[in-house]
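Descriptive analysis of the structure
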Amino acid sequence: MPVADRGDRWHDVIASTVAPTRLAIEDAATFRARADTLHMGGLTASWFSHTTLRSWRTPALIRRSDPGHYCLALMQKGSMWVTQRRNEAEFGAGEAVLFDSSHPLVAGTGLRHRGAEVLILSLPRQTLVLPQNGLDRLIATPLDARRGMGAVLTRFVASLAEEADACTGPELQRLGGMAVELATAYLAQRIGAFEALPARSRAGVLRERIDAFIDGSLGDADLSPRTVAEHHGISLRSLYALFEPRGEGVAASIRRRRLELCRADLARPALRHRPIHAIAAHRGFGNAEVFSRAFKAAYGIGPRAFRQQAQRAAGAGLLPAYDVPP
């Protein structure tokens, strides 16, 4: 955009996605920014990337317009600082901060003249079924999001940007509900109120944690329903009950995910010289014959024939429909 218009345009973006805010940009000529926003029912997820700026949420702006949201910012790159309700927090990649649209705020991003990338969940106050005094204790304090529930939440929100275009309206509504549950559980853990969450919410959060654990352990040939249950401190019966609503058992889910990764690897030109048994072993199949039978049962074609088919498609300049990111 023309230099003269950049500040006003970014102000409009922030006002429509988070809340009306006064901004100060150090150098409009070098200012760079990008925003992606996804509305999912009452929840809004925003992905911001920009160079250095400062912002103020003043009492006058609050009186003029207040969406009544808690905003949970998950830092991806760079750093940010927030001052609100007599608290001040500086946080960097892998950390999070909670702030409230109904109270004055001063914030800055891109400290030391570096850019910043941040994911922000705008959560209507009524969706967070947690004690307000507990949430207020978290305002403008740095929160760890590198592991546990914080890491699960960050991965989930990041994946929404990649997959949202393929989702229908009702699917986005459900994804929004899942994001609210994960954010609620993450904040509940920080204030010691996780056990007070509804059983349905706790079950949904546990499923997300289990999914993340399975996805990160597919290369382990010993991964099984029993190891999944033991890692999460639950019985096999409880694990099976969690998966019942999906109509797919735990072992079947592990096998399907491994096969999907193997199929993508076999289609990847960069791996065309890697032996099929090595690809299978890398994804957790300890027996090449078992892998070959499972692959053919799932896709109606053996892995060798599939690879040849994929190579011909690549040679013709076609992008196979089964190609997925590593």
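The structure displayed is predicted, hence computed values, not measured ones.

**Some details on the overall build of the protein chain**
In terms of helices and strands, the protein chain carries 12 helices and 11 strands. Projecting the C-alpha coordinates of the protein chain onto the three principal axes gives extents of approximately 70 × 50 × 35 Å. Going through the 326 residues of the protein chain one by one, you find that 46% of them count as buried. A separation threshold of at least 6 residues defines the contact pool for the protein chain, and within that pool the share at least 24 residues apart is 69%. Surface accessibility of the protein chain: about 16700 Å² in total, with carbon and sulfur atoms responsible for 51%. Between the centroid of the 42 positive side chains of the protein chain and the centroid of its 32 negative side chains there is a distance of 3 Å.

**Quick word on the sheet that holds strand β5 (residues 69-77)**
Pairing is antiparallel in the open sheet, where 6 strands are placed in the order β2-β3-β10-β5-β8-β11. Strands with a single pairing partner mark the edges of an open sheet, and in this sheet they are β2 (33-40) and β11 (143-144). Pairing geometry for β2 and strand β3 (residues 43-50), over 8 bridges, is antiparallel. Within β3, the residue paired with D36 across the bridge is W47.

**Regarding the nonpolar core**
Proteins that are soluble and globular tend to have nonpolar side chains buried together. Core analysis: the biggest nonpolar cluster contains 64 residues, and L72, V82, L121, L153, Y186 and L187 have the highest contact counts within it. The leading source of residues in this core is helix α5 (residues 169-190), at 10 residues. Among all residues touching L153, those that are not within four sequence positions of it are L72, L74, L121, A179, L182, A183 and Y186. L266, I276, F306 and A310 belong to the second-largest nonpolar core, a separate cluster that totals 14 residues.

**Overview of empty space enclosed by the protein**
Where empty space is left in the structure can be found by rolling a water-sized probe over the atoms. Taken as a whole and assessed by the stated rule, the structure comprises 1 cavity of 30 Å³ or more. Roughly 320 Å³ of internal volume is contained in the largest cavity. Lining the largest cavity we find 23 residues, and of these I14, S55, M80, F99 and I120 sit closest to its centre. Listing elements by their share of the lining of the largest cavity, those giving two or more residues are α1 (3-17), β3, β4 (53-57), β6 (79-84), β8 (95-100), β9 (105-109) and β10 (116-124). The element contributing the most residues to the lining of the largest cavity is β9, with 4 residues. A breakdown of the residues in the lining of the largest cavity according to their chemical character gives 15 nonpolar, 6 polar and 2 charged.

**Notes on the pairing of β5**
By the criterion of burial, β5 is predominantly enclosed, with 7 of the 9 residues buried. As paired elements, β5 and β10 share 8 bridges and run antiparallel to each other. Along β10, the bridge assignment pairs L74 with L119. Sheet topology note: the β5/β8 ladder contains 5 bridges and is antiparallel.

**Focus on the packing of aromatic side chains**
The geometry of an aromatic ring pair is captured by two quantities: the separation of the ring centres and the angle between the planes. In this structure the tally under the stated criterion is 6 aromatic pairs. For the pair W10 and F31, a centre-to-centre distance of 6.2 Å together with 70° between the ring planes defines the contact as edge-to-face. Of this pair, W10 sits in helix α1 while F31 sits in the loop between β1 (22-25) and β2, and the two are 21 residues apart along the sequence. Taking relative accessible area as the criterion, F31 reaches 4% and is therefore assigned buried. Sitting over the face of the ring of W56, R22 holds its NZ or CZ atom 4.5 Å from the ring centroid.

**Section: helix α9 (residues 250-267)**
For α9, with 18 residues, the first-to-last C-alpha span of 26 Å sits near the 26 Å given by 1.5 Å per residue. Inspection of α9 places V250, S253, I254, R257, R258, L259, C262, A264, D265, L266 and A267 among the buried residues, and these make up the whole buried set.

**Here's the deal with unusual backbone geometry**
One non-glycine residue, R85, adopts positive backbone phi at about 50°. Within the secondary structure, R85 is located in the loop between β6 and β7 (87-92). For R85, a relative accessible area of 40% corresponds to the partly exposed category. Unusually for a residue other than glycine, R86 sits at a positive phi of about 70°. Mapped onto the fold, R86 is located in the loop between β6 and β7. Note on R86: relative accessible area 88%, which makes it exposed.

Rules used in this analysis
Residues numbered from 1 in each chain as written. Predicted model: local features only at pLDDT ≥ 70, side-chain atom pairs only at ≥ 80, totals over all residues. Heavy atoms only, no water. Helix = DSSP H or I, 4+ residues; strand = E, 2+ residues; numbered from the N terminus. Buried < 20%, exposed > 50% of the residue type's maximum accessible area, 1.4 Å probe, protein only. Contact = heavy atoms within 4.5 Å. Areas by Shrake-Rupley, 256 points an atom, 1.4 Å probe, with all protein chains shown as cover. Lys, Arg positive; Asp, Glu negative; His and termini not counted. Charge placed at Lys NZ, Arg CZ, Asp CG, Glu CD. Pairing = 2+ DSSP bridges. Core = buried A, V, L, I, M, F, W, Y, C linked by side-chain atoms within 4.5 Å. 1 Å grid on protein atoms, 1.4 Å probe; cavity = no way out; pocket = protein on both sides within 12 Å on 5 of 7 lines; lining within 4 Å. Points joined across faces, edges and corners; volume = space filled by probe spheres on them. Nonpolar A, V, L, I, M, F, W, Y, C, P; charged D, E, K, R; others polar. Phe/Tyr/Trp six-rings, centres within 6.5 Å; stacked < 30°, edge-to-face > 60°. Lys NZ or Arg CZ within 6 Å of the ring centre and 35° of its normal. Expected span 1.5 Å × (residues − 1).

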